[in-house]
Structure formats: C-alpha cells, structure tokens
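Listed below are the residues making up each chain.
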Amino acid sequence: MSKIIVVTSGKGGVGKTTTSASISMGLAERGHRTVVIDFDIGLRNLDLIMGCERRVVYDFVNVIRGEANLNQTLIKDKRNDKLFVLPASQTRDKDALTQDGVQQVLDELKQQFDFIICDSPAGIEHGAMMALYFADEAIVTTNPEVSSVRDSDRILGMLQSRSLRAEQGLEPVKEHLLLTRYSPERVANDEMLSLEDVEDILAIPVLGVIPECGSVLNASNQGQPVVMNQDSPAGQAYADAIARLLGEQKPMRFLDIEKKGFFKKLFGGK
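If you're wondering where the values come from, they're calculated on a predicted model, not measured in any experiment.

(A) View of the nonpolar core. In terms of nonpolar packing, the biggest core is built from 51 residues, with Phe39, Phe60, Val102, Leu109 and Ile116 touching the most fellow members. Beyond its immediate stretch of four places on either side in the chain, leucine 109 contacts Val35, Ile37, Leu70, Leu74, Leu86 and Ile116. Formed by 32 residues, the second largest nonpolar core is a distinct cluster that contains Val7, Ala21, Ile210 and Leu245.

Put into structure tokens, the structure is as follows:
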C-alpha cells in the first residue's frame, strides 16, 4: 500500500529539501519505489539537490493543468532506477496547486509507487497546506532553537486539524520529529536547545537527530543527497532515520560531544 509522507516545518532554512532528498534516496536504496514531489511553487530547489535541474522539461503544475502527463514529467534518478522526482514550477504562483488537481496526481502516483515524499514549503501558506493535506505521515523538521520549534508546534496543530484525515475523522497523521543542525557542544554551552527540550515542547516521537555537518552543504552543491555519503555523520544520521521510518530499532547517535583521541589532541585535530 502506497504511503504519502510530507516533510514540513514552520520555519524556512531548517533542511526540509535536504531531508526530502535523503529520505527519498534512502528508501529507494532499500528497494522501495519512491517519488519525491517539490511543492515549493515559484522557488524550485529540490531538482538542484537531486542533481537533475537540467533535465526538467515539464513540472507539477503542467500535470495538474493537463499540459503534460506524469510519464512525460517524472524524472528518473540516474543513480537509482527506483527513485523519481516531480519538480515544481518556477513560473507559476502557489495558487496553481488546486486540491482536486493535487489529489488526482497523488492518486495516479499511488498506483506506481510505494512511497510519495512531499517536500513542503515552510509555514502555512497555500503550497504548504496542499503538501500536508493528503499526508499519511509527517516528518516535522526543526532546528534546536526557540523560534523554529515554536513554528513547528503550529504546524502540528495544522496536521491535527486541517489534514484530510482530520476532516474525515480517520486515524491521525503519524508525526515524526527530525532535529537538524544539532551541535552537542552548543547545547553544552546553552547556545541551543537540547533534544530533551525540543521533545518536551513538541511531544512527538523522534525520528532522528542530524548533526551540524559541512558535508550537507557539500552534498547539496554537488547535487547529491547527503545520505549517499556514509562517511559523514549527517549521512549516517539520515540512514538511521530512514531505518526508523521503516520500523527498525536504531540507537540515537551524535547526541554527545565527541571525545578527541590522543593523536587528534596531539596534532590539534577537531
């Protein structure tokens, strides 16, 4: 049975698109047919992080308006034939996404894919509400700082009241917390919230903690989801999160300050 998962947040710049790219790639690498949809109409970025920006001919809005079909529009990932990208339009406004149109596209995708990942814009504007409306599960992405967590709490309210599942009185959208750009050193210095602080505020199950890591930016610039870099802490943390999403038990890593070994101390390594 196909599952629709929205990657959402209340605040911009917390790593939603990075997360959407890595979650979708990780699911495909585990053998699941996966499509990732960019809902950020007018500010398309997912195709850049997925490394397929030069291959975009048609987009999500073209499909909704009947100007192209899904077969013409979906971009197959060059690295994994189980992963496809449905890009957003850069030239239309967000109102181009209609509820009926989005539902029709999702219904068609359900016939082909195990997982449909919806990369949402930030906040509660039209595109974000369209992304979360049909969700079965939500990955609420937040940084460990007060304004980001507060805005994520607002998104949880929307999931619980404005989703199709809420409207129809069905089982609620399953919520997951993904904490990004986490630094144990800054937590220890009281410069950011701890995981426990965020859990206390949002009170939803933790899917993963992604450490602050330069490999995230490097991967984005190379058009490669960071989960593919298993030498990096961020890549390993995303792999753990994907395993948990699939129901596996994984211990939480990257929560404590890394102790320097003797040679690192001797040579001033970080």
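(B) The environment of threonine 142, seen in detail. Tracing the backbone shows threonine 142 in strand 6 (residues 137–142). The buried category is assigned to threonine 142, whose relative accessible area is 0%. Linking threonine 142 and leucine 86, residues 56 residues apart in sequence, is a C-alpha distance of 24 Å. Beyond its immediate sequence surroundings of up to four residues, threonine 142 is in contact with Val14, Ser148, Val149, Ser152, Leu177, Leu178, Leu179, Thr180, Val198 and Leu202.

(C) Here's a closer look at helix 10 (residues 195–202). Buried within helix 10 we find Leu195, Val198 and Leu202. Summarising the axial view, the buried residues of helix 10 lie within an arc of 65 degrees, below the 170-degree limit, and thus occupy one face. Those residues of helix 10 hidden inside the fold are in contact with strand 6, helix 7 (146–161), strand 7 (174–182) and strand 8 (206–211).

(D) Spotlight on the packing of aromatic side chains. Taken as a whole, this structure holds three aromatic pairs when the rule is applied. Taken together, a centroid distance of 5.1 Å and an interplanar angle of 85 degrees make the contact between phenylalanine 39 and phenylalanine 60 edge-to-face. Taken together, the positions of phenylalanine 39 in the loop between strand 2 (34–38) and helix 2 (46–49) and phenylalanine 60 in helix 3 (residues 60–64) put the pair 21 residues apart, joining distant regions of the chain. For the pair phenylalanine 39 and phenylalanine 60, a shared accessibility class is recorded, and that class is buried. With centroids separated by 5.5 Å and ring planes inclined at 65 degrees, the aromatic side chains of phenylalanine 84 and phenylalanine 113 adopt a geometry described as edge-to-face. In this pair, phenylalanine 84 is assigned in strand 4 (residues 83–86) and phenylalanine 113 in the loop between helix 5 (99–110) and strand 5 (115–119), connecting sequence segments 29 residues apart. For the pair phenylalanine 84 and phenylalanine 113, a shared accessibility class is recorded, and that class is buried.

(E) Representation of the side chain of threonine 180. Tracing the backbone shows threonine 180 in strand 7. For threonine 180, the side chain forms a polar contact with the main-chain oxygen of valine 14, separated by 2.7 Å. Those residues within four positions of threonine 180 in sequence are excluded, and the remaining contacts are Val14, Thr19, Thr141, Thr142, Asn143, Pro144, Ile210 and Tyr238.

(F) Summary view of unusual backbone geometry. Even without being glycine, arginine 181 reaches a positive phi, approximately 55 degrees. As for its placement among the helices and strands, arginine 181 is situated in strand 7. With phi around 60 degrees, aspartate 190 is a residue other than glycine that occupies positive phi space. Structurally, the position occupied by aspartate 190 is in the loop between helix 9 (184–188) and helix 10.

(G) Expanded view of the packing of helix 7 against helix 10. As a packed pair, helix 7 and helix 10 sit with axes 10 Å apart at the nearest point and diverge in direction by 35 degrees. When you trace helix 7 past helix 10, the crossing you get is right-handed. Here helix 7 contributes Val149, Ser152, Asp153 and Leu156 to the contact with helix 10, which in turn contributes Val198, Ile201 and Leu202.

(H) Region of the structure containing the packing of helix 1 (residues 16–29) against helix 12 (residues 233–245). At their nearest, the axes of helix 1 and helix 12 sit 10 Å apart, and the two run at 65 degrees to each other. Relative to helix 12, the crossing made by helix 1 is right-handed. Mapping the contact onto sequence places Thr18, Thr19, Ser22, Ile23, Gly26 and Leu27 in helix 1 and Tyr238, Ile242 and Leu245 in helix 12.

What counts and how
Residues numbered from 1 in each chain as written. Predicted model: local features only at pLDDT ≥ 70, side-chain atom pairs only at ≥ 80, totals over all residues. Heavy atoms only, no water. Core = buried A, V, L, I, M, F, W, Y, C linked by side-chain atoms within 4.5 Å. Buried < 20%, exposed > 50% of the residue type's maximum accessible area, 1.4 Å probe, protein only. Contact = heavy atoms within 4.5 Å. Helix = DSSP H or I, 4+ residues; strand = E, 2+ residues; numbered from the N terminus. Arc of directions from axis to C-beta. Phe/Tyr/Trp six-rings, centres within 6.5 Å; stacked < 30°, edge-to-face > 60°. Polar contact = N/O pair within 3.5 Å; in protein donor to acceptor, adjacent residues only side chain to side chain. Axes fitted to C-alpha atoms, helices over the stretch in contact; angles between N-to-C directions. Left-handed = near helix turned anticlockwise from the far one by under 90°.

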